[in-house]
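Report on the structure
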Amino acid sequence: MPRKKEPSFEEALARLEQIVGEMEQGELNLQDLVLRYSEGVTLANQCTQSLSRAEKAMDLLLQDKDGEAMTTPLEIKKEQGK
């Protein structure tokens, strides 16, 4: 059986926002709430993995003292208090 295609980051984030909105309305029964929560956790994990892959791919190209190209990993500092 073919593997289900993972949604793009943008698709996953949009669906996650939709799920949050549905849950915040407070009109879902418990079964649907649990299903949305489970889907949301999966989507959040996919978004985190996508961001991690993108961060690894965003190495900065710099030149060393001999003019040779070298890569330096991009460091993204997390905001404090979050």
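Scroll up to find the structure this text is about.
Each value, and the rule that gives it
Residues numbered from 1 in each chain as written. Predicted model: local features only at pLDDT ≥ 70, side-chain atom pairs only at ≥ 80, totals over all residues. Heavy atoms only, no water. Salt bridge = Lys/Arg side-chain N within 4 Å of Asp/Glu carboxyl O. Helix = DSSP H or I, 4+ residues; strand = E, 2+ residues; numbered from the N terminus. Buried < 20%, exposed > 50% of the residue type's maximum accessible area, 1.4 Å probe, protein only. Core = buried A, V, L, I, M, F, W, Y, C linked by side-chain atoms within 4.5 Å. Contact = heavy atoms within 4.5 Å.

The tally for this structure, following the rule as stated, stands at four salt bridges. For the salt bridge of Arg15 with Glu22, the shortest nitrogen-to-oxygen distance reads 3.8 Å. Salt-bridge contacts for Glu39 lead to Arg15; the nearest nitrogen and oxygen are separated by 2.9 Å. Of the two residues, Glu39 is situated in helix α2 (residues 30-57) and Arg15 in helix α1 (residues 9-25); the sequence distance between them amounts to 24 residues. For Arg15, a relative accessible area of 22% translates into the label partly exposed.

Within the largest apolar cluster, five residues are counted, these being Ala12, Leu16, Ile19, Leu43 and Cys47. Every element with two or more residues in this core is listed here: α1 and α2. Here the element with the most residues in this core is α1; it accounts for three residues. Those residues in contact with Ile19 that sit more than four places away from it in its chain are Arg36, Glu39, Gly40 and Leu43.

Spatial relationships are all this shows, so hold off on functional conclusions.
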